[in-house]
Amino acid sequence: MAGLKGWRELPLGGVVAGGTARDLNKTGSWRAERPIWHEEKCIQCLQCWLHCPDDSVLIRGGKVTGFDYEHCKGCGVCAAICPKDAIEMVPERGGECARP
Amino acid sequence: MRKAITGHKAVAEAMRQIEPDVVAVYPITPQSEIAEYYADYVHNGLVRTELIPVESEHSALSACIGAAAAGGRVMTATSSQGLALMVEVLYIAAGLRLPIVMALANRSLSAPINIHCDHSDAYLARDSGAVQIFAESAQEAYDYTLMAQRIAEDMRVRLPVIVNLDGFTLTHTVQPVDLLEDEVAKKFVGEFKPFAPLLDVEHPVTWGAFAMPDYYFELKRAQEAGMEAVPAVFLEVQRAFAEVSGRRYEGFFEAYKLADAEYALVVLGSTAGTAKVAVDELRARGMKVGLLKPWLWRPFPGPAVAEALAHLKAVAVLDRAFSFGTMGALYEDVASALYPLEKRPILVNYIYGLGGRDITVPQLVQALEELPKIRRTEWALRYIGLRE
Amino acid sequence: MPSIKVLAEREERGVRFTGGHTLCAGCAEPMVVRTVLNAIPDPVVVASPTGCLEVATSRFPGTAWNVPWIHVAFENAAAVISGVEAAYKVLRKKGFLDKRVRFVVFAGDGGTYDIGLQALSGALERGHDFLYVCLNNEAYMNTGVQRSSATPKCAAATTAPVGEAIPGKPQERKDLTEIVAAHGIPYVAQAAVSHLIDLANKVERAMNYEGPKFINVLTTCPLGWRTPRDSAIQQAKLAVETRYWPLYEVIEGRYKINYKPKEHVPVEEWLKTQGRFRHLFRDPRGKELIAQIQAEVDRRWELLLKKEQCFGVGG
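What you see is a predicted model, and the numbers here were worked out from it, not measured in a lab. (Residues numbered from 1 in each chain as written. Chains lettered and ligands numbered in written order. Predicted model: local features only at pLDDT ≥ 70, side-chain atom pairs only at ≥ 80, totals over all residues.)

Q: Requested: an account of the overall build of chain C, with residues and values cited.
A: Counting its regular elements, chain C contains 13 helices and eight strands. Relative to its length of 315 residues, chain C is compact, with a C-alpha radius of gyration of 19 Å against a globular reference of 20 Å. In terms of overall dimensions, chain C has a C-alpha envelope of 70 × 50 × 40 Å along the principal axes. Taking all 315 residues of chain C together, the buried fraction comes to 58%. Restricting to contacts in chain C with at least 6 residues of sequence separation, those with at least 24 account for 70%. (Helix = DSSP H or I, 4+ residues; strand = E, 2+ residues; numbered from the N terminus. Rg over C-alpha atoms; globule rule 2.2 N^0.38 Å. Buried ≥ 20, exposed ≤ 12 C-beta atoms within 10 Å, placed from the backbone. Contact = placed C-beta atoms within 7 Å.)

Q: Mind laying out helix 10 (residues 232–241) of chain C, listing which residues take part and the relevant values?
A: Each α-helix turn comprises 3.6 residues. Residues three or four places apart therefore point the same way. All names here are of chain C. Counting buried positions along helix 10 gives seven out of ten residues, so the element sits mostly inside the fold. Among the residues making up helix 10, those that are buried are Ala-232, Ile-233, Gln-235, Ala-236, Leu-238, Ala-239 and Val-240. Positive phi appears at Arg-243, one or two residues downstream of helix 10, with a value of about 70 degrees.

Q: Hey, could you go over helix 3 (residues 57–70) of chain B for me, with residue numbers and the actual values?
A: Relative to the 20 Å expected for 14 residues at 1.5 Å per residue, helix 3 of chain B spans 20 Å between its end C-alpha atoms, a close match to the ideal helical length. Gly-71 of chain B occupies a position one or two residues after helix 3 of chain B and carries a positive phi of about 125 degrees. (Expected span 1.5 Å × (residues − 1).)

Q: Tell me about the interface of chain B and chain C, and please be specific about residues and values.
A: Counting residues at the interface gives 38 residues for chain B, matched by 41 residues for chain C. Elements with a contribution of two residues or more to the side of chain B that touches chain C: strand 2 (22–24), strand 3 (50–52), helix 3, helix 4 (80–95) and strand 9 (205–207) of chain B. Within the side of chain B that touches chain C, the residues separate by chemical class into 23 nonpolar, ten polar and five charged. As defined by bridge partners, strand 9 of chain B adjoins strand 2 (residues 69–71) of chain C across two bridges and the pair is classed as parallel. From the neighbouring strand, Trp-207 of chain B faces strand 2 of chain C, where its bridge partner is Ile-70 of chain C. (Nonpolar A, V, L, I, M, F, W, Y, C, P; charged D, E, K, R; others polar. Pairing = 2+ DSSP bridges.)

Q: Run through the sheet that holds strand 15 (residues 346–352) of chain B, naming residues and quoting values.
A: Residue and element names in this part refer to chain B. Overall, mixed pairing links the six strands, which are arranged 10-12-11-14-15-16 in an open sheet. Only two strands of the sheet have a single neighbouring strand rather than two, namely strand 10 (253–256) and strand 16 (381–384). Averaged over all neighbouring strand pairs, the angle between strand axes comes to 25 degrees, with direction disregarded. Direction of pairing for strand 11 (residues 263–266) relative to strand 12 (residues 289–294): parallel, over a ladder of four bridges. By the bridge assignment, Leu-265 is partnered in strand 12 with Leu-291. (Axes fitted to C-alpha atoms, helices over the stretch in contact; angles between N-to-C directions.)

Q: Describe the environment of Ala-156 of chain C, listing the residues and the values that go with them.
A: Residues and elements named next belong to chain C. Relative to the elements of secondary structure, Ala-156 occurs in the loop between strand 4 (130–136) and helix 7 (176–181). Sequence separation of Ala-156 and Arg-226 is 70 residues, and the distance between their C-alpha atoms is 9.9 Å. Sequence-distant contacts of Ala-156, defined by excluding residues within four places in its chain, comprise Pro-161, Val-162, Gly-168, Arg-276 and His-279.

Q: How would you summarise unusual backbone geometry if you had to cite specific residues and measurements?
A: Cis rather than trans, the peptide bond between Arg-298 of chain B and Pro-299 of chain B has omega equal to 0 degrees. Residue position: Pro-299 of chain B is located in the loop between strand 13 (296–298) and helix 10 (302–309). Residues Phe-60 of chain C and Pro-61 of chain C are joined by a peptide bond in cis, for which omega reads 0 degrees. Residue position: Pro-61 of chain C is located in the loop between helix 3 (52–57) and strand 2. You will see that Asp-55 of chain A, though not glycine, has its phi angle at about 55 degrees, which is positive.

Q: Lay out the interface of chain B and chain A in plain terms, naming residues and giving numbers.
A: Contacts between chain B and chain A engage 16 residues on the former and twelve residues on the latter. Within the residue set of the side of chain B that touches chain A, elements represented by two or more residues are strand 9 and helix 8 (216–245) of chain B. By residue number, the principal contributor to the side of chain B that touches chain A is helix 8 of chain B, which donates four residues. A class-by-class count of the residues in the side of chain B that touches chain A yields ten nonpolar, one polar and five charged. As judged from the two bridges shared by strand 1 (residues 16–17) of chain A and strand 9 of chain B, these two strands associate in the antiparallel manner. Note on strand 9 of chain B: the bridge partner recorded for Val-16 of chain A is Thr-206 of chain B.

Q: An account of the sheet that holds strand 7 (residues 248–251) of chain C is needed here, citing residue identities and associated values.
A: Picture the strands of a sheet paired through backbone hydrogen bonds; they go either parallel or antiparallel. Ordered by their spatial adjacency, ten strands build an open sheet running 1(A)-9(B)-2(C)-1(C)-3(C)-4(C)-6(C)-5(C)-7(C)-8(C), and the pairing between neighbours is mixed. Edge positions in the sheet fall to strand 1 of chain A together with strand 8 (254–257) of chain C, since each of these pairs with one other strand and no more. Across four bridges, the pairing between strand 7 of chain C and strand 8 of chain C is antiparallel. Among the inter-strand pairings, Tyr-248 of chain C is bridged to a residue of strand 8 of chain C, identified as Ile-257 of chain C. In this fold helix 8 (residues 196–206) of chain C packs onto strand 4, strand 5 (187–192), strand 6 (212–218) and strand 7 of chain C, with an angle of close to 170 degrees to the strand it touches most, strand 5 of chain C.

Q: Let's hear about the nonpolar core: which residues, and what values?
A: Ile-65 and Ala-264 of chain B together with Val-133 of chain C are the most contacted members of the largest nonpolar core, which totals 268 residues. In terms of residues, this core owes the most to one element, helix 4 (residues 77–93) of chain C, which gives eleven residues. Residues from two domains meet in this core; each of domain 1 (2–190 + 221–245) and domain 2 (253–384) of chain B gives at least three. With sequence-adjacent residues up to four places away left out, Ala-264 of chain B is seen in contact with Leu-258, Val-289, Gly-290, Leu-291, Leu-292, Leu-309, Leu-312 and Val-315 of chain B. (Core = buried A, V, L, I, M, F, W, Y, C linked by C-beta atoms within 7 Å. Domains from an automatic or database assignment.)

Q: Residues and numbers for the pairing of strand 3 (residues 57–60) of chain A, please.
A: All names here are of chain A. Relative to strand 4 (residues 63–67), strand 3 runs antiparallel, the two being bridged by four bridges. Across the sheet, residue Val-57 finds its bridge partner in strand 4, namely Phe-67. The antiparallel pairing of strand 3 with strand 4 creates a hairpin that spans two residues between the two strands, and Gly-61 there sits at a positive phi of about 60 degrees.

Q: Describe in detail the confidence of the model for chain C, supporting the description with residues and values.
A: On average, residues of chain C score 97 in pLDDT, and 99% of them reach the 70 mark or higher. In the predicted assembly, ipTM is 0.96 and pTM is 0.97. (pLDDT = per-residue confidence, 0-100.)

Q: Please give an account of the pairing of strand 15 of chain B that cites residues and values.
A: Residue and element names in this part refer to chain B. The element strand 15 is largely enclosed, with a buried count of six among its seven residues. Note that strand 14 (residues 314–319) and strand 15 share six bridges and pair parallel. Considered in strand 15, the bridge of Val-317 is made with Asn-349. Between the parallel pair strand 14 and strand 15, the chain is carried across by helix 11 (residues 329–338), and the sense of this crossover is right-handed. You can see the chain leave strand 15, run along helix 12 (residues 361–370) and come back into strand 16, and the turn it takes is left-handed. (Right-handed = clockwise from strand over helix to strand, strands pointing away.)

Q: Can you lay out the environment of Gly-312 of chain C for me, pointing to particular residues and giving the numbers?
A: Residues and elements named next belong to chain C. Turning to its location among the elements, Gly-312 is positioned in the segment after helix 13 (286–311). Residue Gly-312 is classed as partly exposed on the basis of its C-beta count, with 14 C-beta atoms lying within 10 Å. For Gly-312 and Val-250, which are 62 residues apart along the polypeptide, the C-alpha to C-alpha distance reads 8.7 Å. Once residues lying within four places of it in the same chain are set aside, the contact partners of Gly-312 are Arg-254, Tyr-255 and Lys-256.

Q: Lay out the packing of helix 6 (residues 138–153) of chain B against helix 8 of chain B in plain terms, naming residues and giving numbers.
A: In helix packing, the relevant descriptors are the interaxial angle and the interaxial distance, both defined with respect to the helix axes. Residues and elements named next belong to chain B. Contact pair helix 6 / helix 8: the axes reach a minimum separation of 10 Å and the direction vectors enclose 130 degrees. As judged from the angle between their axes, helix 6 and helix 8 are oblique. Classified by chirality, the crossing of helix 8 by helix 6 is right-handed. Packed against helix 6, whose contacting residues are Asp-143, Met-147, Arg-150 and Ile-151, the element helix 8 presents Val-230, Val-233, Phe-234, Val-237, Gln-238, Phe-241 and Ser-245 at the interface. Counted by class, the contact of helix 6 with helix 8 contains seven nonpolar, two polar and two charged residues. (Parallel < 35°, antiparallel > 145°, perpendicular 65-115°, else oblique. Left-handed = near helix turned anticlockwise from the far one by under 90°.)

As structure tokens, this is what we get:
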């Protein structure tokens, strides 16, 4: 249990400051497939951003700019929902995708 | 200002003076009048408290947790089955380090259902992590409710505090109580300082996180540190209270004619009053007897109790509840405190007063008179007032 | 009406629910949570009971919640939020706070339909000002897909498995939305994860009312329903199209069905896509059970149509 805090260093009542999961847990390591954005097909409808369970569709100025691969779990919902097939799931480390 | 009032009115008056931000409460005999008095204050605009008339005791303490974590000062009260229903949440309140003060009108636990006094409800919360104080009289119930607020809210403690007062015996009997002036009481209790309040929306916090085996142990050890801080804070608060009230509570327990005693009783709550009469009677007959009456029961002031009892020849510890299958809870506290000593008294454990069974001066006199006849400590329960 | 662009703008200004949580890949719960949080412009305090959402988003010392959030136990989220709201009211009166803060519960069907029902009913009756969002995935998913009173009839659950004697859950699911509506609160609605903009609109409408507000959101659980990892949206959409899960509102007692499917899609079309109903298609007795399920879907839909007729917005 290296790097874990001793009891004296813990916050009162185990209360933690907000939003720490992002930095502490890089769930991108879960992926078996990753989404690839075909920008040329994208109509910026934002459906992928709306539905991403992991807040991993990056937006700036109201437009999609890519994926947060540190957190993306490769669920494929964005690819399934995209009305223009602008998102393609590809295998992370070889092999086949669940839905080729 | 001296008034003739019942124990629950005394507690309600203390609550009125403390004027918590939120009171979430559910009625149960013999606590209901505390809730009723407080509702009366709220509905007549005497206090600026949000009163939440919840639909169960479990929700009462849950709402208290929500309000306390939000940043408010919070109080409640219950008894018996109500405590049993909320005890899950009591453990959580302690784990979350929330300073909720609650009056517990001590009443027996079912089955069978019984509305009268014993300590089985307090004993149920024994290991919950809540601080527990026992009152002998309505005066002590009033005084300790005010002190409990300071103890609970002290940043070294930050734990729920239960003020125990015997159901019916104290809650429903009229006794003389000296009340502080409102301003004096308010000043004594002071302003509430919230910790990491939910309502501080600029600084979002997460209360009640999920701890895996890698952190749970350490978080609980940190909680125990709050308990460890209680004795010092308890004494400080007593001293501060003496300054504003003139009533000197000095120590974790009242030692009544104990210093030169050879035999003594240890008992919690209102029975101590009856026990003092028994002690006086035997003293008049030349027997050197005394009484140890803990105010602070959790955390148990083990070393102090051991020091006070070490010189005695024999001690009878009275428990007003079973801890089924083993010796009484108070007895176990006293015995484990005495165990490290080279020289320690013979101990005997009596179970008494269950379900409101009266305990009388002659019965306590007899228990003290028996003590010189007991050769050694035995692993066995005795009973006072039980029909065999 | 918050369009998708408005929701995106709000999230760009401040992410209220972050990645890094351990909900399953493809879980629908965070989709609902993000949309609801982005649909409320004011500061928000959230309470959740024990469940998938709570466990996976708050593993000490990490938390995915970037809004004030509290978890206490399984059955008391509504009681906890009652306390938070009460503290807010009094502290505001005393002049300690000047901001408008909104109170939201995100709870699963377990912590709402069953063990949490008492606390919910109490909070509704007392009239606290809060929004309760039930993330209904139709079983106790976090503990391993055990049946809840929200589980549909014949669904396989680990405490109502498909066996020789009894094929899945024997009881019909509870109609909690109607139970809540019977409390007479200002705003009640049914929504689904497949219709997130509809959900956002409902949240906005709800927040215009003082007092208790409730939205029951059908939230697919691909793991528990035994459907593909990326199927959450399609699943909920079919549930809506087959009238199994109508999208409707009850606003101050007036019923309004938001979407009436033009085609009559048999519920069988939805059942056959899920592993939890697989047994109905492998066993000859399944046909009769499917017919019963369809009959109940039809009965509830007809009843809802009648309620809209009798207690509709126009009537």
